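Results of the structural survey
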Amino acid sequence: MISSEELINKAREAMNLSYAPYSHFTVGTALLCEDGSIYQGGNIENASYGASNCAERTAFFKAVSEGKRHFTAIAICGGPDKNDTDFCPPCGICRQVMREFCASDFRIILAADHDKQIKEYTLSQLLPESFGPDNLIS
Ligand code: THU
């Protein structure tokens, strides 16, 4: 079993995959699948800003496009200063993408460089009263 610290290190490593020439806000993620595999993602910006993709969704779409459907946790690292990251909570769109594939106890781990602090939430804590696949079943 991989530890939170190891998953955070993978997320920190994934900051090198970030393409953020416009915001210079670098984000890296590491998504842990139920089978133990890990998918890393960086944010990918675009000259047409709205076409940009967050690091969380990059990791999810990489994994889902490889056939993965069951996820345990995601670690997220990011900030305007690559070498002194602050907590970077997932945006609303990314939370909704998580909601599509993850159970309510899916773990979201945020790490900040200073003091090696960690914050951990479940998906249902960050997205209460959510709309998901089960709402579409009549
Ligand atoms: N971003 C992420 O990749 N993940 C988040 O959780 C928040 C924001 C990206 C989007 C954009 O490339 C940059 O950070 C600034 O918003």
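Our structure is the block above this text.
This structure is a prediction, so every number in the text was calculated from the model and none was measured.

**Focus: the site of the ligand**
- Neighbouring the ligand are S23, F25, V27, N43, E45, C54, A55, E56, C88, P89, P90 and C91.
- Between the ligand and E45 there is a distance of 2.5 Å, counted from an oxygen atom to a side-chain nitrogen or oxygen.
- Alone, the ligand offers 370 Å² of accessible surface; in the complex the protein occludes 78% of this.
- Of the residues that constitute the shell around the ligand, the class distribution is eight nonpolar, two polar and two charged.

**A word on the side chain of T26**
- Within the secondary structure, T26 sits in strand 1 (residues 26-33).
- Sequence-distant contacts of T26, that is, excluding residues within four places in its chain, are made with M15, S18, N43, C77, G78, G79 and K82.

**Quick notes on the pattern of salt bridges**
- All chains considered together, the criterion is met by four salt bridges.
- Between R99 and D134 there is a salt bridge; the shortest N-O distance is 3.2 Å. In this pair, R99 sits in helix 3 (residues 92-101) while D134 sits in the segment after helix 4 (123-126), placing the two residues 35 residues apart along the sequence.

**Notes on the packing of helix 2 (residues 55-65) against helix 3**
- At their nearest, the axes of helix 2 and helix 3 sit 9 Å apart, and the two run at 25° to each other. With respect to each other, helix 2 and helix 3 are oriented roughly parallel. Crossing of helix 2 over helix 3 shows left-handed handedness. Two secondary-structure elements touch here, helix 2 through E56, R57, F60, F61 and V64 and helix 3 through I93, C94, V97, M98 and F101.
- A per-class count over the contact of helix 2 with helix 3 returns eight nonpolar, no polar and two charged.

What counts, and at which threshold
- Residue positions are counted from 1 within each chain, in the order its sequence is given.
- Two thresholds apply to this predicted model, a pLDDT of at least 70 for residue-level local features and 80 or more for giving and counting side-chain atom pairs, whereas whole-chain, interface and lining totals are computed over all residues.
- Note that water and hydrogens are dropped before the side-chain values are worked out from all heavy atoms of the structure.
- In these notes, residues near a molecule or strand are those with any non-hydrogen atom within 4 Å of it.
- Polar contact criterion, stated in full: a pair of N or O atoms within 3.5 Å, where within protein one must be able to donate a hydrogen and the other to accept it, and residues adjacent in sequence count only if both atoms are side-chain atoms.
- Reported accessibility uses the Shrake-Rupley method at a 1.4 Å probe radius. Residues are deemed covered only where the shown protein chains occlude them.
- When residues are grouped by polarity, Ala, Val, Leu, Ile, Met, Phe, Trp, Tyr, Cys and Pro land in nonpolar, Asp, Glu, Lys and Arg in charged, and all others, Gly among them, in polar.
- In DSSP terms, a helix is any run of H or I states spanning at least four residues, a strand is any run of E spanning at least two, and both are numbered starting from the N terminus.
- Any two residues whose heavy atoms approach within 4.5 Å at even a single point are treated as in contact.
- A pairing counts as a salt bridge when a side-chain nitrogen of Lys or Arg comes within 4 Å of a carboxyl oxygen of Asp or Glu.
- Throughout, an axis means a line fitted to C-alpha atoms (over the contacting stretch in the case of helices), and angles, computed between N-to-C directions, take values from 0 to 180 degrees.
- Angle categories: roughly parallel below 35 degrees, roughly antiparallel above 145, roughly perpendicular from 65 to 115, and oblique for all the rest.
- Definitions for this section: a left-handed crossing has its near helix turned counterclockwise from the far helix by less than a right angle. A right-handed crossing has that turn clockwise.

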